[in-house]
Amino acid sequence: MQKALMYFALGTVLSFVINYFFISSENIGLDIFYAIAFGLAWGLSYYLDTPKFTLVQKLLSSFAAMGVLVLVGSFIFNLELAIPAILKFSTVFVAYYLIASFRTNKSLRN
């Protein structure tokens, strides 16, 4: 769990720095929200990357996280600004497991 939180924190900070300095949306709150979505994807992917979670549990967890991102993003901003957070989350989540699928043990933890 501690490593998953570390991945969340590092992913959030890295994404925020890249968005803030290179993309500069001029809305720091939105940059923070997108960075949290990115970090959440890395942290959750790492946390779920164990044999104790089935594929269905991993999919339901990712859909639940996307639902939370939509609700929070819609509440703070609006739906149009919340959708890119879902796209960032799902892209990172799928990329994590795609990269893991090329390994013989199907995990990036080991």
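Residues numbered from 1 in each chain as written. Predicted model: local features only at pLDDT ≥ 70, side-chain atom pairs only at ≥ 80, totals over all residues. Heavy atoms only, no water.

J.: Looking at this structure, how should I read the overall build of the protein chain?
T.: For the protein chain, the count of helices and strands is four helices and zero strands. Listed N to C, the secondary structure of the protein chain is α-α-α-α in terms of helices and strands. For 110 residues, the compact-globule estimate of 2.2 N^0.38 gives 13 Å, and the C-alpha radius of gyration of the protein chain, at 14 Å, lies within 12% of that figure. With the C-alpha coordinates of the protein chain rotated into their principal frame, the extents come out at 45 × 25 × 25 Å. For the protein chain, the exposed area adds up to about 7,000 Å²; of that, 74% sits on carbon and sulfur atoms. In the protein chain, 7 positive and 4 negative side-chain charges are present, and the distance between their average locations comes to 23 Å. (Helix = DSSP H or I, 4+ residues; strand = E, 2+ residues; numbered from the N terminus. Rg over C-alpha atoms; globule rule 2.2 N^0.38 Å. Areas by Shrake-Rupley, 256 points an atom, 1.4 Å probe, with all protein chains shown as cover. Lys, Arg positive; Asp, Glu negative; His and termini not counted. Charge placed at Lys NZ, Arg CZ, Asp CG, Glu CD.)

J.: Help me out: how do you make sense of the packing of helix H3 (residues 55-76) against helix H4 (residues 79-101) in this one?
T.: The packing of two helices is summarised by the inter-axis angle and the distance between the axes. Where H3 meets H4, the axes come as close as 8 Å, and the angle between the chain directions of the two elements is 155 degrees. Between H3 and H4, the crossing angle belongs to the class labelled roughly antiparallel. For H3 against H4, the interelement crossing comes out right-handed. Between H3 and H4, the contacting residues are Lys-58, Ser-62, Ala-65, Met-66, Leu-69, Val-70, Gly-73 and Ser-74 on the first element and Leu-79, Ala-82, Ala-85, Ile-86, Phe-89, Ser-90, Phe-93 and Tyr-97 on the second. Classifying every residue of the contact of H3 with H4 by side-chain character gives 11 nonpolar, four polar and one charged. (Axes fitted to C-alpha atoms, helices over the stretch in contact; angles between N-to-C directions. Parallel < 35°, antiparallel > 145°, perpendicular 65-115°, else oblique. Left-handed = near helix turned anticlockwise from the far one by under 90°. Contact = heavy atoms within 4.5 Å. Nonpolar A, V, L, I, M, F, W, Y, C, P; charged D, E, K, R; others polar.)

J.: Help me understand the packing of aromatic side chains, please; the structure alone is not making it clear to me.
T.: Pairs of aromatic rings are described using the distance from one ring centre to the other and the angle between the two planes. Counting across every chain of the model gives 11 aromatic pairs. Note on Phe-33 and Phe-77: the rings are 5.6 Å apart at their centroids and 55 degrees apart in plane angle, and the pair reads as tilted. Here the residue Phe-33 occupies a position in helix H2 (residues 28-48), and Phe-77 occupies one in the loop between H3 and H4, the gap between them amounting to 44 residues. A relative accessible area of 8% places Phe-33 in the buried class. Consider the rings of Tyr-47 and Phe-53, whose centres lie 5.6 Å apart with planes at 55 degrees: the pair is tilted. For Tyr-47, a relative accessible area of 30% translates into the label partly exposed. A relative accessible area of 19% means that Phe-53 is categorised as buried. Chaining the aromatic ring pairs together yields one cluster made of Phe-38, Trp-42, Phe-89, Phe-93, Tyr-96 and Tyr-97. (Phe/Tyr/Trp six-rings, centres within 6.5 Å; stacked < 30°, edge-to-face > 60°. Buried < 20%, exposed > 50% of the residue type's maximum accessible area, 1.4 Å probe, protein only.)

J.: Explain a nonpolar patch on the surface to me, please; I cannot follow it from the model alone.
T.: A surface patch of nonpolar side chains, amounting to about 1,100 Å² of accessible area, comprises Val-13, Leu-14, Val-17, Ile-18, Tyr-20, Phe-21, Phe-22, Ile-23, Ile-28, Ile-32 and Ile-36. Element by element, the count of residues in the nonpolar patch is highest for helix H1 (residues 2-23), at eight residues. Turning to its location among the elements, Val-13 is positioned in helix H1. (Patch = residues over 30% accessible without salt bridge, like charges linked within 9 Å, V, L, I, M, F, W, Y side chains within 5 Å. Salt bridge = Lys/Arg side-chain N within 4 Å of Asp/Glu carboxyl O.)

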